[in-house]
Amino acid sequence: MFPAGLKPVTRAEVLISSLQDTTVKLRSRFPGVDRVLQVRADAGAVVSLPPEIVLDGNRREDKGILIESDHPIHVYGNSGDDCCAGEGFLAIPVEFLGTEYYTATQYNSTVAVVAAEDNTEVTVTKGFWGGVIFESNFYEMGDNITFNLSAGQTAQMQTPLGYLLGTRVYSNKPIAVISGQYYASPSRAKYNQMIESIPPTSSIGKDFIVPPLFNTTYITLHYNNLGQDNVVTTKGKNVNLSSKLQKRGGSRITAGASNPYYGSGEKPVILTATPYTISPFMLFVPSLDQYSNDYKFITPTKGNLTHYIVLIVNAKDESGILIDGQKIYSRVESLDALLINDAIYLVISTEVSAGQHYVTHSDPSVRFGLVLYGFDETQSYAYPAGLRLPSPSVA
């Protein structure tokens, strides 16, 4: 699903990569989406969808998209207009969806839900600050919003009246949740959408490495709590801060963008990073236990974007990293190191060309993190290139 931004969308696309040639099917109740395509391992695929697939208003719609394939694939969504807004997200496979989520959001909040099965009952327990209108009904702070969804049916809630920090979304059957801000402008210059797919609560971790980001001076780190009191700590160059979080509270820290940081919680917590730029994005920062062994991804197609990856790996495992079959030494543009619990982690940044790329380690037991982001003069995007998630137990 594609949540709405402030301005009408003119581009909605699905980006698909695979380690082997595969047949991919897209199905939706929304017209103009259904198709079957062959995805080649050496090229990937970009599927352009009708821009009307983007969610519209605070209501339920038939705008979910089921993507099926013969072999494992990586899937990303990207949308935007021709001027000043755009964002992207990593799609989480159905087998890793859950029944409980907490949102990552601030002012001008967006929360969007899609059901994987028929007869799915969803309850949204609102967090702090302000009300929200859903299907012509006004809900105040603390109210529950309960509704039923069929397979592939979506629901969207957006509010300019405050923000939905601390909102819990739960259901009787698996759902996917995207949250963020339908418009945000830290630099007050452009109005970009900032959204991310959020993994289920059972998949959220406690230890994070926040990557440095090019093309910006400052970043804002947002800790979003999961319904229990917590203490979070951020460490890095000129930063050593601890904050207590209320059950549905959050914490915000502004720091220099050229340095990596170690963020941690005594209990699981959602951590996002936002650059202070003319065109901001929101990055879901993967926890260390969500790192994987290989990532195959394809960049968004919007022209003039400059694309970057940030790779995070234990220093003892760095020599086995391959980017498109080449040793990582030939690609390093920025290198930082962090000492975490007696282990040294290297944080490696480099620009990549538009198109498909494959990053892996020669030892299949080694796990490392990879995030992908990009800018141009008016738009940006960011998301993890992949996540290693446990299969949640569904009640």
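For the structure, check the block above.
Note that the structure is predicted; figures quoted are calculated from it, not measured. Note that residues are indexed from 1 along each chain, following the sequence as it is written. Totals for whole chains, interfaces and linings use every residue, but because this is a predicted model, local features are given only for residues with pLDDT of at least 70 and side-chain atom pairs only at 80 or more, for both listing and counting. Heavy atoms throughout the structure, all of them, feed into the side-chain values; hydrogens and water do not.

Undergrad: With reference to specific residues and values, describe the overall build of the protein chain.
TA: Helix and strand counts for the protein chain stand at zero helices and 34 strands. The globule rule used for comparison is 2.2 Å times the number of residues to the exponent 0.38, while the radius of gyration itself is calculated over C-alpha atoms. Here the C-alpha radius of gyration of the protein chain, 20 Å, is about what a compact globule of 395 residues would show, namely 21 Å. Projected onto its principal axes, the C-alpha positions of the protein chain cover 55 × 50 × 45 Å. Remark: exposure states derive from per-residue accessible area (1.4 Å probe, protein chains only) relative to the maximum for the residue type, with buried under 20%, exposed over 50%, and partly exposed in between. A total of 395 residues make up the protein chain; the buried ones form 60% of that total. Every helix listed is a DSSP run of H or I at least four residues long, and every strand listed is a run of E at least two residues long, numbered separately from the N terminus.

Undergrad: Give a description of the pattern of salt bridges that names residues and reports values.
TA: Here, a salt bridge means any side-chain nitrogen of Lys or Arg that lies within 4 Å of a carboxyl oxygen of Asp or Glu. Counted by the stated rule, this structure contains nine salt bridges. A salt bridge links Asp62 to Arg29, with the nearest nitrogen and oxygen atoms 3.4 Å apart. Taken together, the residues Asp62 in the loop between strand 5 (60–61) and strand 6 (66–69) and Arg29 in the loop between strand 2 (22–27) and strand 3 (35–39) connect sequence positions 33 residues apart. A residue is classified by how much of its surface remains accessible, and Asp62, at 31% relative accessible area, is partly exposed. Residues participating in the shared-partner salt-bridge network are Asp56, Arg59, Glu61 and Lys63.

Undergrad: Describe the sheet that holds strand 25 (residues 283–284), naming the residues involved and giving the relevant values.
TA: Note on pairing: two strands pair once DSSP finds at least 2 bridges between them. Within the open sheet, the four strands sit side by side as 22-19-24-25. Their pairing is antiparallel. The sheet is open, and its two edges are formed by strand 22 (250–256) and strand 25, each paired on a single side. Inspection of the sheet shows strand 19 (residues 218–224) paired to strand 24 (residues 270–275) by six bridges, in the antiparallel sense. Among the inter-strand pairings, Leu221 is bridged to a residue of strand 24, identified as Ala273.

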